[in-house]
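So the chains spell out like this:
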Amino acid sequence: MNRKLILIINVLFLGLLIGCVQNGEPTINNSSTNIAVSSYFPPVGLERTYIQYGTTGENILSNDTVKSEVDSSGKESLYIHEKGGLAVERVTEYKVNDHSIRVVYRINAFMNKEVDELELTNRKSWNVGDSDNSIRYLTNENLKITVPAGTFQDCIEITQVTGTEGNGNTSIYYYAPTVGLVKTVWKLDGEKFTAMELQSFSKDTEQDSEGKSQEEGSVIGGGIEESPSPKFQSGSLPHDTNLISTLNINDYMNRVNQYSIEQVEYYLLHRPTFEETNNGTTLYFSDDITIRCDTSGNIMEVMMQQDTSLTEETFLYIKWLILGLDSKMSIEEANEIIFPKESNQVFKVGEFNVGIMADSNGFTFKAIPY
């Protein structure tokens, strides 16, 4: 499973966007530009609040702070600490110079490792170096961009294309000098959807004057100071009951897809294959999701099982599957199930017992009526 959670775009639009496609693959233009790359990285001490837009009015706020740490050997690390939003909490370390902004380390609930991803450089196009084989293009300069935080001059537009012809995804990022990212847009069939905008920003004068931040935790990885954050703990799976819930498969699919569409413009539950059984029907969806129903379509089991480790992507899938079980459940309550205070737990959600079990061989999410 290596599908990025954004938008599937129209083939013709993709061809127009990147300007040159050979044998289904986007091409790279290595010619240089005159942009001052480092000016588009936010300064140490800057605190930013972003608003992530849902399609039905449910918006999510996230906050981040640009920080600098010095470890015991004197090595300085520049990083952004983000809280809230879809990812709950994460830390990203950067290397910044006049020619490039590069991600070199990532920490979140499921990842703590070195990476090498080129976010911004002074070329017209480049390979990002991520697992999705993304390519970025400098598609516009000297823009004036207005967002809730204000109007910014001299912005640049960066278009990211993931995948090949006919199976590509596109995101557009707008960067402002001395502030960094101010807006993210998704494209679908030639239409633009604003996914995120900068709501406000301010300078942390204490962080700026000291040149480093002081947080609890231990220095890890590339020298990043890891603060306390939610961590996944493997739970237990609920026992099979053969009971039938009153939740109909159509209602459940609508709920789950509403969340996935709001957050990433993607239908998680769509186009299943069917298998008739003596007791009803089993539906098989992509991403190894199966749902068992009785002959009336009422749910008897929801399960997602993969032989790979949990990632931010699968964390989102599980969150949507949980939220779909109970229309009264909040995103915060779903996060408490995924990041429990104690291990080996089973939770009650609506009519269901819910559990998540994971180890080095993979993970299983399961919901059973009680």
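Up top is the structure these notes are about.
Source: prediction; values computed, not measured. (Residues numbered from 1 in each chain as written. Predicted model: local features only at pLDDT ≥ 70, side-chain atom pairs only at ≥ 80, totals over all residues. Heavy atoms only, no water.)

*Asks:* Would you explain the pairing of strand E19 (residues 289–294) in this entry?
*Replies:* Look at any regular strand and the pattern is simple: side chains alternate between the two faces of the sheet. Of all six residues in E19, five are buried; the element is thus mostly enclosed. Of the pairings in the sheet, the one linking strand E18 (residues 280–285) to E19 comprises six bridges and is antiparallel in character. Looking at E19, one finds that Gly280 is bridged to Asp294. A loop of three residues connects E18 with E19, the two strands running antiparallel in sequence, and Asp287 in this loop sits at a positive phi of about 65°. Between the end of E19 and the start of strand E20 (residues 299–306), which pair antiparallel, lie four residues, with Gly297 showing a positive phi angle near 90°. (Buried < 20%, exposed > 50% of the residue type's maximum accessible area, 1.4 Å probe, protein only. Helix = DSSP H or I, 4+ residues; strand = E, 2+ residues; numbered from the N terminus. Pairing = 2+ DSSP bridges.)

*Asks:* Can you help me understand the nonpolar core in this one?
*Replies:* The nonpolar side chains of soluble globular proteins are, as a tendency, buried together. Tyr252, Leu269, Ile291, Ile322 and Phe365 are the most contacted members of the largest nonpolar core, which has 42 residues in total. Here this core gets eight residues from one element, more than from any other, and that element is helix H4 (residues 312–323). Those residues in contact with Phe365, other than ones at most four positions away along the chain, are Val302, Met303, Met304, Ile318, Leu321, Ile322, Val354, Gly355 and Ile356. (Core = buried A, V, L, I, M, F, W, Y, C linked by side-chain atoms within 4.5 Å. Contact = heavy atoms within 4.5 Å.)

*Asks:* Please explain the pairing of strand E23 (residues 362–369) as it appears in this structure.
*Replies:* Most of E23 sits out of view: eight of its eight residues are buried. The alternating pattern of E23 places Gly362, Thr364, Lys366 and Ile368 and Phe363, Phe365, Ala367 and Pro369 on opposite faces, both of which are buried. Two strands pair when backbone bridges link them, and E20 and E23 are joined in this way by five bridges, in the antiparallel orientation. Considered in E23, the bridge of Val302 is made with Ala367. Relative to E23, strand E22 (residues 352–359) runs antiparallel, the two being bridged by eight bridges. Following the sheet pairing, Met357 is matched in E23 by Thr364. Between E22 and E23, which follow one another and run antiparallel, lie two residues.

*Asks:* Just checking my understanding: could you explain the packing of aromatic side chains for this structure?
*Replies:* The full count for this structure, using the stated rule, is four aromatic pairs. Measuring from centroid to centroid gives 5.0 Å for Phe41 and Tyr94, while their planes differ by 65°, and the two rings are edge-to-face. A residue pair is termed long-range when its members are at least 10 positions apart, and Phe41 in the loop between strand E2 (25–26) and strand E3 (46–52) and Tyr94 in strand E6 (residues 89–96) qualify at 53 residues. Across the pair, exposure class does not vary: Phe41 and Tyr94 are buried alike. (Phe/Tyr/Trp six-rings, centres within 6.5 Å; stacked < 30°, edge-to-face > 60°.)

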